[in-house]
Amino acid sequence: MPTMRDVSKKSGVSLSSVSRILAEDKSFCVRKETRQKVLEAAGSLGYRYIKREQGNKRIGCMLSYTAEKFSDEFFLTILSAIRSSLQDAGCSMAPLYTTGEIDVVEDVCKKELLSGLILFEDTLDIESMERLRSAVPHIVGVETDYTGIDNIIHDKYATGVQAVEHLMERGHKRIAYVGGDERYMHNRSVAYADLMSLRGFPTPPEYFMDCGWEPNRCMELVLELCASKDRPTAIFAGSDNLAIAVLSAVNALGLSTPEDVAVVSVNNLDFSAYTSPPLTTVSIPMEEIGTAAAEMLLRRIDGFSGLPVKIIYPTTLIVRQSV
């Protein structure tokens, strides 16, 4: 049976846009040609959009970040796609809750009779997960790797491979990494370590910088490293937000990118094309991840009872002038 993703692929239009076009969202402004492409693709595939009854489902959303970090464009883009898809399906969304509030979330899930939960929180222990699963009938994780629930993620290891291989292809051997804790066994930092080891390139301890995903700490570490005699010729930043700090640190030392220190990052957020120089980055399909998470949750709510599903999205290297 054709899915909305099939319509998106055939028409060449993003999943979030396809969803709103097929839902006949009157507030969505789109070119006539784009709308026609989507409708023709749906017709040729035999896809039927089933509009659900309005207001009969309430969905919760739990993030693992503090209120100050709700402004992170990566998560906001995914969240926006989730919200759009759920609204098109007639669902309302419960407020967001931060890490450390499992008691509050469990209580809200029960009191508000939530039909489902979108889970961004990736640090829950087994007991906390079981409490959530007993409080809400359906849970879909985004960028999580829990057993027993559906998880929608991007390929973190392949992302790291793309970034590091690109630097190596440009002749770099002294490559450093800066990022934070990643809870997947196969992640971007592991890809970095694997490739450096495979090529026999030097990886002194100071080349692996754990800044806890904090830009200020990232800048401190990069300033210290790039002012040393073992300065790397390239830095792989685990996110575009960290890459901004890397560029600032390099510039503060009177060095140039990419001549003195090349930089490659991850996410392809909107601003990455407008930094100085524009960032080479690995693009993550954020809208598609968000839409897929919403669709999977709605399928569960509508009765799908198959085994837990893990959807892993590929990523794409975007080459610009920072390497």
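If you're wondering where the values come from, they're calculated on a predicted model, not measured in any experiment.

Here's the deal with the pattern of salt bridges
In total, this model carries 9 salt bridges according to the counting rule given. One salt bridge connects Arg-133 with Glu-130, and the closest N-O pair in it is separated by 3.8 Å. Note that Arg-133 and Glu-130 are positioned in helix H6 (residues 126-135) at a spacing of 3 residues, about one turn of the helix. Taking relative accessible area as the criterion, Arg-133 reaches 35% and is therefore assigned partly exposed. The partner of Arg-217 in a salt bridge is Glu-220, with the nearest N and O atoms 3.0 Å apart. Remark: Glu-220 and Arg-217 occur in helix H9 (residues 215-226); sequence separation between them is 3 residues, near one turn of the helix. Residue classification places Arg-217 among the partly exposed positions, given a relative accessible area of 39%. A residue is classified by how much of its surface remains accessible, and Glu-220, at 45% relative accessible area, is partly exposed. Connected via shared salt-bridge partners are Asp-103, Glu-106 and Arg-131.

Here's the deal with the pairing of strand E5 (residues 150-154)
Of all 5 residues in E5, 5 are buried; the element is thus mostly enclosed. Bridge count between E5 and strand E11 (residues 310-313): 4 bridges; the pairing is parallel. Bridge pairing in E11 places Ile-152 opposite Ile-311.

About the cut-offs
- Residues numbered from 1 in each chain as written.
- Predicted model: local features only at pLDDT ≥ 70, side-chain atom pairs only at ≥ 80, totals over all residues.
- Heavy atoms only, no water.
- Salt bridge = Lys/Arg side-chain N within 4 Å of Asp/Glu carboxyl O.
- Helix = DSSP H or I, 4+ residues; strand = E, 2+ residues; numbered from the N terminus.
- Buried < 20%, exposed > 50% of the residue type's maximum accessible area, 1.4 Å probe, protein only.
- Pairing = 2+ DSSP bridges.

Nothing here speaks to function; it is geometry throughout.
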